[in-house]
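# Coordinates in review
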Amino acid sequence: MSEIDSLLGQLRQEAVSPGALNGVIVLDITRVVAGPYCSTMLADLGATVVKIEHPDDPDYTRAFPPELPSEADGESVSGFFAQYNRNKLGLTLNLRHEEGKDALRRLVERADVLVENFRAGTMDRLGLGWTELREVNPKLIYTALSGYGQTGPYRRKPAYDNSAQATGGLWSMNGEREGPPTRVGTIIGDLSASLYGVIGTLAALRHAEATGEGQLVDISQQDSVLSLTENAVVSYTAEGTVPEPLGNQHPFVRPYELFPCQDGYVFFGGYTDKFWTLSCEIFGTADQAVDPEIDSMAKRFDEETYERRIRPIINEWFADLTKVELEEMAGDLVPLSAVKDIGEVIDDPQIIARDMVVEVDYPDHGSVRMFGSPIKLSHTPPLTRALAPGTGEHSDAVLRELAGLDDDAIAILRASGTVR
């Protein structure tokens, strides 16, 4: 067994299978979320992922809260970092040093994929961009995630998730009616870019296997956010309509929004004639379903009718009932879901049944619970219970086996500060 295989075995000791991407080698030169999450999903699916960090300036999310309590001296463990970097081997390289660049090129010779999330042009200035590295390995998949992509007038602009939400149109559509726009409550630009990064990488791998030809996978956070705006683009191009914030309502159907109940809120989507009739029978009276003023989808969607008749009816149905009572009454008949906080979600029986919250034990730091993989495969299930690496934790093993360096060469890299 090789040294890398041994390390992977230690990481993945609970694995049912080696994973669908077993044998695929990924070099991960990313930080924060857009990039690390992309390579983590590849690692969960069985790829050998090497996280490469600057020896003196590693991924700063290592210090993000929550921090696991430490029972011994040593590097702290961030729950945030652990969640987005599990299943990886850790290597440090200073890519501004020629020795570091040479080491990366040697790794590229063996790699299938390289993922980076610098601003467009950064890796090119180091002599390590797609154009240069494809000469080293023509089969290489070079996945670049950035705020605005590798082309276009914005390509060199700095960007965060909020930049993508702002320029991708989503921020302008979200919020309360006649109020200021509101950002989506999670880093949806980072996360969606990571998802598209995985999709693009897998497609490029399939092409490389068939043809021997690698390619650039160019993912923009702005592009990713725009693709999530549902009907906004065609509403504008077809009708000239600029979508505005609607609060919790939907632009096409009613009722399909949030409603208060005794102990919180529920989503209720009984807008079709079928679901409205069932809802009247469950929560109200059968005659409400045949009331000639509100007995069709079109009538219920009329805004004046909706506010005057439908909303008061539903508020009356739900006012004295709890979230649990309402979900039990709705059962499998009508779409009604309690709005749950994260504490309630973690204990949700469906989440538990789907293995979507997993526990990972860190030696000397206790355990951390994090989200599992939403990708469910019957024969090669993803592994989600492996550790994230310490800074440069596996540097020697990676450089020996994947870069072909001997101990003397590695010692020289350490002495020069290229490797920590």
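The notes below deal with the structure included here. (Residues numbered from 1 in each chain as written. Predicted model: local features only at pLDDT ≥ 70, side-chain atom pairs only at ≥ 80, totals over all residues. Heavy atoms only, no water.)

## Some words on the sheet that holds strand E6 (residues 215-220)
Pairing is parallel across the open sheet formed by six strands, whose spatial order is E3-E2-E1-E4-E5-E6. Both outer strands of the open sheet, strand E3 (88-92) and E6, are each paired with one neighbouring strand and no more. Put simply, the sheet's adjacent strands are angled 20 degrees from each other on average, direction ignored. In the sheet, strand E4 (residues 113-116) pairs with strand E5 (residues 141-146) via four bridges, with the strands oriented parallel. If you follow Leu114 over to E5, its bridge partner there is Tyr142. Across the sheet, helix H4 (residues 98-110) touches strand E1 (25-29), strand E2 (48-53), E3 and E4, and the angle it forms with E1 is around 145 degrees. (Pairing = 2+ DSSP bridges. Helix = DSSP H or I, 4+ residues; strand = E, 2+ residues; numbered from the N terminus. Axes fitted to C-alpha atoms, helices over the stretch in contact; angles between N-to-C directions. Contact = heavy atoms within 4.5 Å.)

## Concerning the environment of Glu98
Inspection of the secondary structure puts Glu98 in helix H4. Glu98 sits in the partly exposed class, given a relative accessible area of 47%. Spatially, the C-alpha atom of Glu98 lies 8.9 Å from that of Thr418, the residues being 320 residues apart in sequence. (Buried < 20%, exposed > 50% of the residue type's maximum accessible area, 1.4 Å probe, protein only.)

## Thoughts on the packing of aromatic side chains
Under the definition given, this model contains 18 aromatic pairs. Each ring, one from Phe268 and one from Phe318, has its centre 5.6 Å from the other, and the planes form 85 degrees; the classification is edge-to-face. Here Phe318 lies in helix H15 (residues 303-318) and Phe268 lies in strand E8 (residues 264-268), a separation of 50 residues in the sequence. A relative accessible area of 0% means that Phe268 is categorised as buried. You can call Phe318 buried: its relative accessible area is 0%. (Phe/Tyr/Trp six-rings, centres within 6.5 Å; stacked < 30°, edge-to-face > 60°.)

## Examining the state of the cysteines
According to the stated counting rule, one finds zero disulfides in the structure shown. There is no disulfide at Cys261, and the cysteine sulfur nearest it, in Cys280, is 19 Å away. (Disulfide = S-S within 2.5 Å.)

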